[in-house]
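Residue strings, one per chain:
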Amino acid sequence: MSRPNWPWWRRALVALNLLALALSTYLAWHFLAGGAVVGCGAGGSCEQVLNSRWSSIGGILPVSGLAMGVYLAMLVAGACLGPATAAPVRQLAWRTLLVLTGAAAGSAVWFIIVQRWIVGAFCPYCMATHVTGLLIAALVMWQAPRQLSEADDDFSEVSRGDAEARRSNLPNMKLLDTVSYWLIGIFAAGVLAAGQAALAPATISSRGESHAAAGGLDPREVPVLGSPDARYVITLSFDYNCPHCQRLHFLLEEAVRRYGGKLAFALCPAPLNSKCNPYVPQDTAAFAADSCDLARIGLAVWAAQREAFPAFDRWMFSLESGDQWRPRTLEAARARAIELLGRAKFDAALADPWVDRYLQTSVRIFGDAGGTAVPKLIFGPHWVTSEPEDADDLVATLQSALELPKP
């Protein structure tokens, strides 16, 4: 009896392959072209994952580009699975699929672990690609023993009776063969994971030249971490709701210390919310809902009592408990400000026109430096968004991207 050339599982395999290929192609294009991802606002989970060091190998090759190649190869191999294809070619196609789906499944598990326990955020596009890869792997693993056995029958030209007898023993005949090829792919995924960890990808997410140098700020008249008389004053665009900013913030003091008083950071809040920042391509409720008001509260604390600002700023980025940072709520930030200043003094400072003027200036500086993402470090005409691992990484970024000398 003739076998159908396009059974349901083969059509499903092609459809899943096309979906995974489209998703990985879009993510690879985003890595190369930059900009916002459709449906993902600034500061959101997509941005956290796609701007992390785990989205590439060595900061050069996007992992989505590798996925593109894998799914394209799967599509080509899948075109050779029909009974009209010569049996030896069919056998090779199935074994190639097993290796590729093993790599896809292993990589999917690895990157789900990275998002859950390392980055602490999930990218919907990435997760859709991973789930699709796992479905493809499950489908190929399910069909491979039977299809490899049929290809063997066709290749050996055994009698129909012998072929039926062999098919009755499929679990014993082809399961080991299937698993062995699949494990080769799993091993390849392990090599990828080890390579990402060993190559220590670059900390720089993106860099560029400002439309206008971030000058005009008097370090003695704005919030500064370090001495306002420092030789090198770097402008830092940040958001009190941004986890990247939180991780960077606690490296700043060590960088200042290493430069021995020659380095300072001018703190310029750039809330990722279109209510006060027109350079944000799309709002993200999870991280930016209260960003504008939180920035105003912080600036009000500085305007009312400069000596109280470091304590407030450090508290905003500190961990309340456990190992997962959560942004401060608007109510908690207001209560902390009142605790430091007193209600009357805080209310008067919040109404000071300087608060909104400086916020607008900070937002303009952020926009002149390309907008879109924080934290952004700006020095002269140069800017960089970065996710340093430690103070060594931060100092290296300052030297390579902002052209500061060695400490």
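Definitions and cut-offs
- Chains are numbered independently. Their residues run from 1 in the order of the written sequence.
- Residue-level local features of this predicted model are given only where pLDDT is at least 70; pairs of side-chain atoms are given and counted only at 80 or more, and the full residue set underlies all totals for whole chains, interfaces and linings.
- Side-chain calculation: all heavy atoms of the structure are included, whereas hydrogens and water are not.
- The helix count covers DSSP runs of H or I at least four residues long, the strand count covers runs of E at least two residues long, and both are numbered beginning at the N terminus.
- Any pair of residues with heavy atoms lying within 4.5 Å of one another is described as a contacting pair.
- Per-residue and other accessible areas follow the Shrake-Rupley method at a 1.4 Å probe size, with only the shown protein chains counted as cover for residues.
- What makes a patch is a set of residues exposed beyond 30% relative accessible area and free of salt bridges, joined within 9 Å when like-charged and within 5 Å when nonpolar (Val, Leu, Ile, Met, Phe, Trp, Tyr).
- Note on definitions: salt bridges are taken to be side-chain nitrogens of Lys or Arg within 4 Å of carboxyl oxygens of Asp or Glu.
- Accessible area is worked out with a 1.4 Å probe on protein chains only. A residue is then buried under 20% of its type maximum, exposed over 50%, and partly exposed in between.
- To estimate the expected span of a helix, count its residues, drop one, and scale the result by 1.5 Å.
- What counts as a ring pair is set by centres within 6.5 Å for rings of Phe, Tyr and Trp (its six-membered ring), and what kind of pair is set by the plane angle: stacked under 30 degrees, edge-to-face over 60, tilted for all other angles.
- Grouping buried Ala, Val, Leu, Ile, Met, Phe, Trp, Tyr and Cys residues that are joined through side-chain atoms within 4.5 Å yields what is termed a nonpolar core.
- For the purposes of these results, a polar contact is taken to be a pair of N or O atoms within 3.5 Å, where, inside protein, one atom must be able to donate a hydrogen and its partner to accept one; residues adjacent in sequence count only when each atom of the pair is a side-chain atom.

Regarding its fold elements, the protein presents 15 helices and eight strands. Of the contacts formed within the protein by residues at least 6 apart in sequence, a portion of 76% connects residues at least 24 apart. Only carbon and sulfur atoms are counted for the fraction: they give 60% of the accessible area of the protein, which is about 18500 Å².

We now examine a nonpolar patch on the surface. On the surface, Val109, Ile113, Trp117, Ile118 and Leu134 cluster together to form a nonpolar patch covering roughly 480 Å² of accessible area. The leading source of residues in the nonpolar patch is helix α4 (residues 87-119), at four residues. With respect to the helices and strands, the residue Ile113 is situated in helix α4. Of the residues examined, Ile113 reaches a relative accessible area of 36% and is grouped as partly exposed.

This paragraph deals with the pattern of salt bridges. Under the defined criterion, the tally for this structure stands at eleven salt bridges. Taking the shortest distance from any N to any O, the salt bridge between Arg220 and Asp218 comes out at 4.0 Å. Residue Arg220 is classed as partly exposed on the basis of its relative accessible area, which comes to 46%. Put simply, Arg306 and Glu221 hold a salt bridge, and the shortest N to O gap is 3.2 Å. Of this pair, Arg306 sits in the loop between α10 (291-304) and α11 (309-317) while Glu221 is found in the loop between β3 (204-209) and β4 (224-225), placing the two residues 85 residues apart along the sequence. Judged by its relative accessible area of 42%, Glu221 is partly exposed. One connected set of salt bridges, linked through shared partners, spans Glu254, Arg257, Arg258 and Asp392.

This part takes up the environment of Met68. Within the secondary structure, Met68 is located in helix α3 (residues 63-78). Under the relative-accessibility criterion, Met68 is labelled partly exposed at 28%. The spacing of Met68 and Leu23 is 45 residues in sequence and 8.6 Å in space, taken between C-alpha atoms. Residues in contact with Met68, not counting those within four places in the same chain, are Leu21, Ser24, Thr25 and Ala28.

In this section: α10. Taking 1.5 Å per residue as the helical rise, α10 with its 14 residues ought to reach 20 Å, and the 20 Å between its terminal C-alpha atoms agrees with that figure. The buried count for α10 comes to ten of 14 residues, which makes it a mostly enclosed element. Residues of α10 that are buried: Ser291, Cys292, Leu294, Ala295, Ile297, Gly298, Leu299, Ala300, Val301 and Trp302.

With that out of the way, let us pick up the packing of aromatic side chains. With the rule as written, the count across this model stands at 16 aromatic pairs. With 6.2 Å between their ring centres and 70° between their planes, Tyr232 and Phe379 make a pair best called edge-to-face. Here Tyr232 is found in strand β5 (residues 232-238), whereas its partner Phe379 is found in strand β7 (residues 376-379), with 147 residues between them in sequence. Residue class for Tyr232 comes out buried when judged on its relative accessible area of 12%.

One finds Leu263, Phe265, Phe312, Leu377 and Leu398 to be the most contacted residues of the largest nonpolar core, which totals 65 residues. Residue contributions to this core peak at eight residues, all from α10. Grouped together as the second largest cluster of nonpolar side chains are 24 residues, Leu13, Ala104, Leu139 and Trp182 included.

What follows is about helix α14 (residues 353-368). Taking 1.5 Å per residue as the helical rise, α14 with its 16 residues ought to reach 22 Å, and the 23 Å between its terminal C-alpha atoms agrees with that figure. Along α14, the residues that are buried comprise Trp354, Val355, Tyr358, Leu359, Ser362, Val363, Ile365, Phe366, Gly367 and Asp368. Contact partners of the buried residues in α14: β5, β6 (263-269), α10, α13 (343-350) and β7. Of the residues that open α14, the one with a side-chain oxygen 2.9 Å from the backbone nitrogen of Trp354 is Asp352. Immediately downstream of α14, the backbone of Gly370 shows phi near 95°, a positive value.

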